[in-house]
Amino acid sequence: MADEKRTLSPMDRVWNFFISVKLAIVTLIVLAATSILGTIIEQNQPPEKYHKIYEDWAFALMDRINLFDMYHSVWFLLMLVLFTVNLSCCTIDRFPKMLKVVRNPRTKLDENLEKTLSLADRWKKKGTLPEWAGKYGEALSASFAKPKVTEVDGQVHLYAETGVASRFGVYVTHLSIIIIFIGAILGNVLGFKGYVNITEGESVTKVPVRGGILMQDLGFTVRCNAFSLETYPSGQPKAYKSDLSVIDGGRETVRKTIVVNDPLQYKGIWFYQSSYGQAGGATARVMAARKDGTHEDMLSLAPNEPVPIDGYGIVRGVNYDQNFQGNGPALQVVVEKPGQPAASFWLFQGRADLDRQRADSMIFSFGGLSSKMFTGLQVAKDPGVNIVWLGCTLMVIGLIMAFFLSHQRVWVRLAQGADGRVEVVLAGSANRNRLAFEKRFEKLQTGVKAAGQ
Amino acid sequence: MHTVLLKVTALFYLVGALAYLHFIFTLNERSAKVGRMLLLIGVLLHGAGFVARYFVAGYTPITSLFESLSFSAFAIVCVFLAFELRYHLRVLGAFVAPLAFAFSVSAAFLPGEVRALAPALNSYWLPVHVILLFFGNAVFAVAFGAAIMYLLMEKELKTKKMGAIFKRLPSLDVLDDINYRCMTIGFPLLTLGIITGSIWAEYAWGSYWSWDPKEVWSLITWLLYAALLHGRMTVGWRGRKAAILAIVGFCSILFTFLGVNLLLPGLHTYTNLSG
């Protein structure tokens, strides 16, 4: 061993380092251990929050080693790179060897092989070699797998195998991890994630991404037509929905009501219902109609905000009462006309007829308060996601191959004995789940022995 | 009614655990039979309770801490009974049944009313994701029981103080084999659980992986068991080392399941679980 080590070139040493399973185990455990940090230290919070928790020196140190965004830090990514390189090297090193073994199975049960197999049975039969080789071959085909027949030195060897795929499970699993990483990298490089609030009736064409540092152009417009909230009797939200329209090239191309767990997708960009809230204060809806019937205006009065009406004056909503003088909801407005003192009066909701009694060229009717809601949307584009799903599927297939399949091999050797009888050896082995194979082998033993009787 | 049913099963698991403990000390066959019978009745009632609750609530009732703890106990007993049926390892009951009792009794002290479902949980992925993971966890719980038993027996063997009882208990090799079997079933289940969670997250949150504490802790658990599997398959970690890692892995599962929700802030905290 010592001599071997001395003759190794530096390249070989590097290679040996990367193909070692010990490195894999160490990397797995170190990844697991360091990952804990990011769950104890809340990630990606504003600096002020960290300053409240940590001393200045601790903050500076933690910030320096990226502990506040550790899963995207250089050192964590380097560990993932090491992990991937290790995984790839192990596969490159072992896969061809495995392929060679599988392609050229040991079809002959020679004595060396026989010694290594714990499951074996020997017996003698009267008759000829070809006769028994045929019978046992049929028996194997019927209860195990079609055997390969090799004749050498006057001996006949039968070799049958099942579950070869079991040998490849580990490679499929390792490959799946690399595919998932490729998908994740693609998503990070070519995709984006953002969050945007859209008030009912309004639209956006851009969304802030990377914590608002950049504005991502969508390439189309998204409008929130309406938002609705359904609650349980307790007041807890049960479902919230946004009626969204996509406007592309000047016309509405898609309209969909989204809820949590049911997003909208357009041109590879996904819109997820994420949150909601009230957009600003409430506004009063007031219809202003000229008495002569020539013109009508729907006014939206924010508290104390003056709203001008052409050729008339300025209107302000100044006060609201849910039950003014016992007559139901009412809005107090102030009207200022040029050159006249300001007039203040109350408008009762849905009672336009009452305002008609006021001597004025304009009749106001109060339609009630409206409070607009905004919908909070998570916006994401991830071109790598399907590659990630491909990797996930492969991983499950690989694990099933590795754990639930077993490469079972059975040999039969027939030789002409000195006493004129045929000497038979039956032997088998399995790479997984040996207990189950033992049972199968026992059955095979009785089945094969009984063949041709 | 169903809440009472879910809480009452704790009693069956308690008496079942006691019967198994009696069995391990006396090797009285009848105790093991009684233990199994009690666990079987308990788990059937428990299952019936969950089915009833499903119809009352209108969703898979594994959303509150009460329901989660209760379902954990249910899954553990199911998996244990399946293992017993397959490998006839009755002594394992003395280590696994108390665990099921611990989960169900802690559930029994929590308020068990049916709650309104949070919008994010209203998805077909809820039952798939949660049931896969809970059964995976239950398989690892059995591995944990076998590992504890392994270490205890190994200590007894080393000090040569072992009584006659231990001679009639399963060999260390059999326990080690159980550990391996659990890994081969639990690991794919854990993997599937994480993957289905990712698919769900992609639909609900717009991101299949957000480094949320629950996600990270499930990854930590996955990495630990992956390390254990590689150690076992290639470097030859068997017996003691494998047992210790199975215990560490299960602690990580417990933290992923309970610690994250109770101690760390994150996306998976939908309800005030402690209440």
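Residues numbered from 1 in each chain as written. Chains lettered and ligands numbered in written order. Predicted model: local features only at pLDDT ≥ 70, side-chain atom pairs only at ≥ 80, totals over all residues. Heavy atoms only, no water.

### A look at the overall build of chain A
From N to C terminus, chain A includes 12 helices and 20 strands. Scaling as 2.2 N^0.38, a compact globule of 453 residues should have a C-alpha radius of gyration of about 22 Å, whereas chain A reaches 40 Å, well beyond that. The principal-axis extents of the C-alpha atoms in chain A amount to approximately 135 × 60 × 45 Å. Looking at chain A as a whole, 43% of its 453 residues qualify as buried. Looking at chain A alone, contacts between residues at least 24 apart form 56% of all its contacts between residues at least 6 apart. As displayed, chain A offers around 24800 Å² of accessible surface, 56% of which is attributable to carbon and sulfur atoms. Across chain A, the mean location of the 51 positive side-chain charges is 9 Å away from that of the 42 negative side-chain charges. (Helix = DSSP H or I, 4+ residues; strand = E, 2+ residues; numbered from the N terminus. Rg over C-alpha atoms; globule rule 2.2 N^0.38 Å. Buried < 20%, exposed > 50% of the residue type's maximum accessible area, 1.4 Å probe, protein only. Contact = heavy atoms within 4.5 Å. Areas by Shrake-Rupley, 256 points an atom, 1.4 Å probe, with all protein chains shown as cover. Lys, Arg positive; Asp, Glu negative; His and termini not counted. Charge placed at Lys NZ, Arg CZ, Asp CG, Glu CD.)

### Here we look at the packing of helix 5 (residues 125–159) of chain B against helix 9 (residues 239–263) of chain B
What describes two packed helices is the angle between their axes and the distance between those same axes. Residue and element names in this part refer to chain B. As a packed pair, helix 5 and helix 9 sit with axes 8 Å apart at the nearest point and diverge in direction by 140°. When the axes of helix 5 and helix 9 are compared, the pair comes out oblique. Where helix 5 crosses over helix 9, the handedness of that crossing is left-handed. Mapping the contact onto sequence places Phe 134, Asn 137, Phe 140, Ala 141, Ala 143, Phe 144, Ala 147, Ile 148, Tyr 150, Leu 151 and Glu 154 in helix 5 and Gly 239, Arg 240, Ala 243, Ile 244, Ala 246, Ile 247, Phe 250, Ile 253 and Phe 257 in helix 9. In the contact of helix 5 with helix 9, the residues fall into 16 nonpolar, 2 polar and 2 charged. (Axes fitted to C-alpha atoms, helices over the stretch in contact; angles between N-to-C directions. Parallel < 35°, antiparallel > 145°, perpendicular 65-115°, else oblique. Left-handed = near helix turned anticlockwise from the far one by under 90°. Nonpolar A, V, L, I, M, F, W, Y, C, P; charged D, E, K, R; others polar.)

### Some thoughts on the confidence of the model for chain A
Put simply, chain A has an average pLDDT of 88, and 98% of its residues get 70 or more. The weakest mean pLDDT in chain A belongs to helix 1 (residues 2–7) of chain A at 57; the strongest belongs to helix 11 (residues 385–404) of chain A at 95. (pLDDT = per-residue confidence, 0-100.)

### Quick look at the interface of chain B and chain A
Taken together, the contact between chain B and chain A spans 47 residues of the former and 49 residues of the latter. In total, chain B and chain A occlude about 3900 Å² of area from one another, counting both sides; carbon and sulfur atoms represent 74% of this. Of all residues in chain B, Pro 119, Tyr 208 and Trp 211 of chain B bury the most surface against chain A, accounting for 17% of the area lost on that side. Here chain B and chain A share 0 salt bridges between them. Looking at the side of chain B that touches chain A, the elements with two or more residues in it are helix 7 (172–204) and helix 8 (213–235) of chain B. Ranked by residues supplied to the side of chain B that touches chain A, first place goes to helix 7 of chain B with 16 residues. Of the residues contributing to the side of chain B that touches chain A, the split by class is 33 nonpolar, 10 polar and 4 charged. (Buried area = accessible area lost by both parts, 1.4 Å probe. Salt bridge = Lys/Arg side-chain N within 4 Å of Asp/Glu carboxyl O.)

### Re the nonpolar core
With 126 residues, the main nonpolar core has Leu 39, Leu 92, Met 183, Phe 187, Trp 222, Tyr 225 and Phe 250 of chain B as its most contacted residues. Looking at this core, the element that brings in the most residues is helix 5 of chain B, giving 17 residues. Excluding its chain neighbours within four sequence positions, the residues that come into contact with Phe 187 of chain B are Leu 399 and Phe 403 of chain A together with Phe 140, Cys 182, Trp 222, Tyr 225, Ala 226 and Leu 229 of chain B. By size, the runner-up hydrophobic cluster in this structure holds 25 residues, among which are Trp 123, Phe 144, Val 156 and Val 424 of chain A. (Core = buried A, V, L, I, M, F, W, Y, C linked by side-chain atoms within 4.5 Å.)

### A few points about the packing of aromatic side chains
When we look at a pair of aromatic rings, we describe it by the centre distance and by the angle of the planes. Tallied over the entire structure, the rule returns 44 aromatic pairs over all chains. With a centroid separation of 6.0 Å and 85° between ring planes, the pair formed by Trp 75 of chain A and Phe 76 of chain A is classed as edge-to-face. Of the residues examined, Phe 76 of chain A reaches a relative accessible area of 1% and is grouped as buried. Relative to Tyr 87 of chain B, the ring of Phe 83 of chain B has its centre 5.6 Å away and its plane inclined at 40°; by these criteria the two rings are tilted. In this pair, Phe 83 of chain B and Tyr 87 of chain B are both assigned in helix 3 (residues 65–87), 4 residues apart and thus about one turn of the helix distant. (Phe/Tyr/Trp six-rings, centres within 6.5 Å; stacked < 30°, edge-to-face > 60°.)

### Looking at the domain arrangement of chain A
On domain assignment, one finds that chain A holds domain 1 (2–100), domain 2 (107–163 + 406–449), domain 3 (192–280 + 374–381) and domain 4 (283–368). Taking only C-alpha atoms, the centre of domain 1 of chain A and the centre of domain 3 of chain A are 38 Å apart. (Domains from an automatic or database assignment.)

### Structural notes on the packing of helix 4 (residues 93–108) of chain B against helix 5 of chain B
Residues and elements named next belong to chain B. Packing of helix 4 against helix 5 leaves a shortest axis separation of 8 Å and a crossing angle of 130°. Classed by the angle they form, the pair helix 4 and helix 5 counts as oblique. Taken as a pair, helix 4 and helix 5 cross one another with a handedness that is right-handed. Counted together, Phe 95, Val 96 and Leu 99 of helix 4 and Ala 141, Val 142, Phe 144, Gly 145, Ile 148, Met 149 and Leu 152 of helix 5 form the full contact between these two elements. Split by residue class, the contact of helix 4 with helix 5 holds 9 nonpolar, 1 polar and no charged.

### Description of helix 8 of chain B
What sets the pattern is the α-helix's 3.6 residues per turn: residues three or four places apart point alike. Residues and elements named next belong to chain B. The end-to-end C-alpha distance of helix 8, which contains 23 residues, comes to 31 Å, matching closely the 33 Å that a straight helix rising 1.5 Å per residue would cover. In terms of burial, helix 8 is largely enclosed, as 19 of its 23 residues are buried. One or two steps after helix 8, the chain reaches Gly 236, where phi turns positive at roughly 85°. (Expected span 1.5 Å × (residues − 1).)

### Looking at a nonpolar patch on the surface
The grouping of Val 74, Leu 78, Val 81 and Val 85 of chain A at the surface amounts to a nonpolar patch, some 340 Å² of accessible area in total. With respect to the helices and strands, the residue Val 85 of chain A is situated in helix 6 (residues 74–103). (Patch = residues over 30% accessible without salt bridge, like charges linked within 9 Å, V, L, I, M, F, W, Y side chains within 5 Å.)

### Here's the deal with the pattern of salt bridges
Counting across every chain of the model gives 25 salt bridges over all chains. Ionic contacts of the salt-bridge type, sharing partners, join the residues Lys 124, Asp 419, Arg 421 and Glu 423 of chain A into one network.

### Some thoughts on the environment of Thr 84 of chain A
All names here are of chain A. Structurally, Thr 84 can be placed in helix 6. Sequence separation between Thr 84 and Val 207 is 123 residues, and the spatial gap between their C-alpha atoms is 34 Å. Once residues within four sequence positions are removed from consideration, Thr 84 is found in contact with Ile 178 and Phe 181.

### Digging into the domain arrangement of chain B
Residue and element names in this part refer to chain B. Once the domains are mapped, chain B shows domain 1 (1–117) and domain 2 (139–275). Each of domain 1 and domain 2 was reduced to a C-alpha centroid, and the two centroids are 20 Å apart. Tallying the contact residues gives 24 residues for domain 1 and 28 residues for domain 2. Regarding the contact of domain 1 and domain 2, the summed buried area is about 2100 Å², with carbon and sulfur atoms giving 82% of it. For the pair domain 1 and domain 2, the interface holds 0 salt bridges.

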